[in-house]
There are 2 protein chains.
Amino acid sequence: MQERAKESGGRPPQAVEDYVKAIYGMSERGLSVTTTTLAAELRVTPSSASAMLTRLRDAELIVHRPYSQATLTDTGVRLALRVIRRRRLIESFLIETLAYGWDEVEREAELLSRAASELFVERICERLGNPVRDPHGDPIPSSDGELPAPGSHLLGTLEAGAIGRLVRVWNGDPEVLQYLDERGIGLGDRIEVLSREPFGGPLMVRVGEPKEGRVHGVGPELAAVLSLELEQ
Amino acid sequence: MQERAKESGGRPPQAVEDYVKAIYGMSERGLSVTTTTLAAELRVTPSSASAMLTRLRDAELIVHRPYSQATLTDTGVRLALRVIRRRRLIESFLIETLAYGWDEVEREAELLSRAASELFVERICERLGNPVRDPHGDPIPSSDGELPAPGSHLLGTLEAGAIGRLVRVWNGDPEVLQYLDERGIGLGDRIEVLSREPFGGPLMVRVGEPKEGRVHGVGPELAAVLSLELEQ
DNA sequence: CCGCAGGTTTAGCCGCGTCTCAATTTGAGA
DNA sequence: TCTCAAATTGAGACGCGGCTAAACCTGCGG
Ligand SMILES: [Mn+2]
Ligand SMILES: [Mn+2]
Ligand SMILES: [Mn+2]
Ligand SMILES: [Mn+2]
């Protein structure tokens, strides 16, 4: 007989974790999770995704009527949060401690988070001072599965006059992060919405202190991945 | 078509690296590498080892006539040294930076070294100050495949009167390392062979400065895994 | 010098996670 | 209601890295 889950410290197979994490992320972004969308997300054929949905249903990690949408069960959510915690702590570690760049961190964090034990993750967590957000501003679930409720708002949904601080850059796209770096925009910066140009035009924002900050035009795609925590 | 070596950054399959590393280690210890001994080393059935030997021969990583012994080719040695470098640097990192214990480091280093990229390994190497030996005293191959020639001698082979410094503990057995720790014996310590008791008796050694050091009796099994660099 | 035990290889299988290609279901428009 | 394209599922395969069982060398002891 083949020994099950031999090296992984009693963790589910990697593919299971990958799919559960993807489903969690898609739900978080408000996307509907179907065979096709999930397959696209993971760059896998629909039949692979279909087979995994069946498997996840059998394991009671999702609810899924055939030909319909999938939702994580409570168990599924808990698993997703464990996976996400590992991933975000490792991202933090690579960037803070090993000076990784935005473009290097994705791949490495993906691979390492598959191999790293809970022990490793908890050690680097201590070493980083038990952070609550990763370098993208993504919240880090606690080891007992609590996710700090952020109460933040997408820049793209705000009206002129809104003022807040940048707390999160969604999706971690290296190009976006690089772009922000180049313009000196970082997490924690004060951002003021000056105006919304119509017809898909940019959002004009001031980054920095009330009168001094630089003014930037932010297109809809960028505005859709930046979250602010509003003042007051 | 199935994409080959997708996530691993152009590395050979893990099993190939595992076997090559095992063959290197066995040769280093003077063991002959046959289907059976290799299978025992890797806790695998002889038929698995046999299949892999064929595969390694086809890849020209070993020389192997059927029913005979296997030897690494130059290419095989180079691969082994790359694998060993990764492994020893990660061990060093876990112990020095993340305060891993002797009993925890084996498993974690094994898993992480499979996933870690060259970039990761080179980053931690810098961070550790380009070490030449790992915490067991095992030499770390350089990134261009040179192995610092140690010129050390197994304690078990020395005669009374020999004096040297402990530079290596072979095999990294946690029990041995724990035992040494408890007695305050560590890498770099001065060791003087006082006498060899006959009939499989212990080696009497002084650990520490000429007259002050504590005297220990070292059995043959322990003497077989400790290497000294001799004075002069 | 012959036979046989034991080491070695081969044959056939499994589970994983992927693929391709075919069959099936669905629901929206005619 | 019927039809049909698109979404979904299913069937069959593959490479990996194991396993078991059987066939096959080989060299040592009689
Ligand atoms: Mn993952
Ligand atoms: Mn992140
Ligand atoms: Mn290895
Ligand atoms: Mn070591």
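Conventions we followed
- Residues numbered from 1 in each chain as written.
- Chains lettered and ligands numbered in written order.
- Predicted model: local features only at pLDDT ≥ 70, side-chain atom pairs only at ≥ 80, totals over all residues.
- Heavy atoms only, no water.
- Near = heavy atom within 4 Å.
- Polar contact = N/O pair within 3.5 Å; in protein donor to acceptor, adjacent residues only side chain to side chain.
- Helix = DSSP H or I, 4+ residues; strand = E, 2+ residues; numbered from the N terminus.
- Nonpolar A, V, L, I, M, F, W, Y, C, P; charged D, E, K, R; others polar.
- Least-squares fit on C-alpha atoms with pLDDT ≥ 70 in both.
- Contact = heavy atoms within 4.5 Å.
- Pairing = 2+ DSSP bridges.
- Phe/Tyr/Trp six-rings, centres within 6.5 Å; stacked < 30°, edge-to-face > 60°.
- Buried < 20%, exposed > 50% of the residue type's maximum accessible area, 1.4 Å probe, protein only.
- Salt bridge = Lys/Arg side-chain N within 4 Å of Asp/Glu carboxyl O.
- Buried area = accessible area lost by both parts, 1.4 Å probe.
- Donors = N, O, S within 2.8 Å, 3.2 Å for Na, K, Ca; no water.

Draft legend 1. Spatial organisation of the protein's contact with DNA strand D. Taken together, 21 residues are adjacent to DNA strand D, and Thr35(A), Thr36(A), Ser47(B), Ser48(B) and Arg55(B) come closest. The sugar-phosphate share of atoms of DNA strand D within 4 Å of the protein amounts to 72%. A distance of 3.1 Å is found between a phosphate oxygen of DNA strand D and a backbone nitrogen or oxygen belonging to Tyr67(A). For the surface near DNA strand D, the secondary-structure elements that each account for two or more residues are α2 (35-42) and α3 (46-58) of chain A together with α1 (14-28) and α3 (46-58) of chain B. Of the residues assigned to the surface near DNA strand D, the class counts are eight nonpolar, 12 polar and one charged.

Draft legend 2. Expanded view of the relation of the copies chain B and chain A. It takes a turn of 180° to lay chain B on chain A, together with a shift of 0.0 Å along the axis; the resulting RMSD is 0.1 Å. What the superposition gives is, in effect, a two-fold axis relating one chain to the other. Looking at the interface residues of chain B, 100% of them are also at the interface in chain A, so both copies use one shared face.

Draft legend 3. Representation of the sheet that holds strand β6 (residues 203-207) of chain A within the structure. Here six strands make up an open sheet; going across it, the order is β3-β8-β4-β5-β6-β7 (chain A) and the pairing antiparallel. A strand with exactly one partner marks an edge of an open sheet, and here the two such strands are β3 (153-154) and β7 (214-218) of chain A.

Draft legend 4. Geometry of the protein's contact with DNA strand C. What surrounds DNA strand C is a group of 21 residues, the closest being Ser47(A), Ser48(A), Arg55(A), Thr35(B) and Thr36(B). Sugar and phosphate atoms constitute 70% of the interface atoms of DNA strand C, taking the interface as everything within 4 Å of the protein. Interatomic distance of 2.7 Å between a side-chain N/O atom of Ser47(A) and a base oxygen of DNA strand C. Within the side chain of Ser50(B), an N or O atom sits 3.1 Å from a phosphate oxygen of DNA strand C. Mapped onto the surface near DNA strand C, the elements with two or more residues apiece are α1 (14-28) and α3 of chain A together with α2 (35-42) and α3 of chain B.

Draft legend 5. Representation of the packing of aromatic side chains. In total, this model carries three aromatic pairs over all chains according to the counting rule given. Where Phe93(A) meets Phe120(A), the ring centres are 6.4 Å apart and the plane angle is 80°; that geometry is what we call edge-to-face. One end of the pair, Phe93(A), is in helix α4 (residues 74-96); the other, Phe120(A), is in helix α6 (residues 118-127), with 27 residues separating them in the sequence. Residue Phe93(A) shares its accessibility class with Phe120(A), and that shared class is buried. Here the aromatic rings of Phe93(A) and Phe93(B) are separated by 6.0 Å at their centres, their planes lie at 55°, and the arrangement is tilted. A residue pair is termed interchain when its members come from two chains, as with Phe93(A) in helix α4 and Phe93(B) in helix α4 (residues 74-96). You can call Phe93(A) buried: its relative accessible area is 1%.

Draft legend 6. Broad picture of the pattern of salt bridges. All names here are of chain A. A complete count under the given rule lists 34 salt bridges over all chains for this structure. Across the pair Arg114 and Asp18 runs a salt bridge, and its minimum N-O distance is 2.6 Å. Placement of Arg114 in helix α5 (residues 102-115) and of Asp18 in helix α1 is noted, with a sequence separation of 96 residues between them. The class of Arg114 is partly exposed, set by a relative accessible area of 24%.

Draft legend 7. Seen up close, the sheet that holds strand β4 (residues 163-169) of chain B. All names here are of chain B. Pairing is antiparallel across the open sheet formed by six strands, whose spatial order is β3-β8-β4-β5-β6-β7. Two strands in the sheet have a free side with no partner beyond their single neighbour: β3 (153-154) and β7 (214-218). In the sheet, strand β5 (residues 190-196) pairs with strand β6 (residues 203-207) via five bridges, with the strands oriented antiparallel. Counterpart to Ile191 in the pairing with β6 is Val207.

Draft legend 8. Structural view of the interface of chain B and chain A. Contact with chain B, which involves 22 residues of that partner, is made by 22 residues of chain A. Both sides of the chain B and chain A interface together cover about 2000 Å² of buried area, and 57% of this is carbon and sulfur. Counting across the chain B and chain A interface gives two salt bridges. Arg123(A) is the salt-bridge partner of Glu104(B), the closest N and O atoms lying 3.8 Å from each other. Looking at the side of chain B that touches chain A, the elements with two or more residues in it are α4, α5 (102-115) and α6 (118-127) of chain B.

Draft legend 9. Fine view of the pairing of β6(A). Residue and element names in this part refer to chain A. Across the five residues of β6, four count as buried, placing the element largely inside the fold. Taking the residues between adjacent antiparallel strands as the criterion, strand β5 (residues 190-196) and β6 are bridged by six residues, where Phe199 takes a positive phi near 55°. As paired strands, β6 and β7 are joined by five bridges and run antiparallel to one another. Of the residues in β7, the one forming a bridge with Arg206 is Val215. From the end of β6 to the start of β7, which pair antiparallel, there are six residues, and Gly208 there has a positive phi angle of about 120°.

Draft legend 10. Just the coordination of the manganese ion (ligand 4), in detail. Residue and element names in this part refer to chain B. Here the manganese ion (ligand 4) is held by the protein donor atoms Glu91 (OE), Asp134 (OD), His136 (ND1) and Asp138 (OD), which lie 2.1 to 2.3 Å from it. Sequence positions of the residues that donate to the manganese ion (ligand 4) give the spacing E-x42-D-x1-H-x1-D. Of this pair, Glu91 sits in helix α4 while His136 is found in the loop between α6 and β3, placing the two residues 45 residues apart along the sequence. Residue Glu91 shares its accessibility class with His136, and that shared class is buried.

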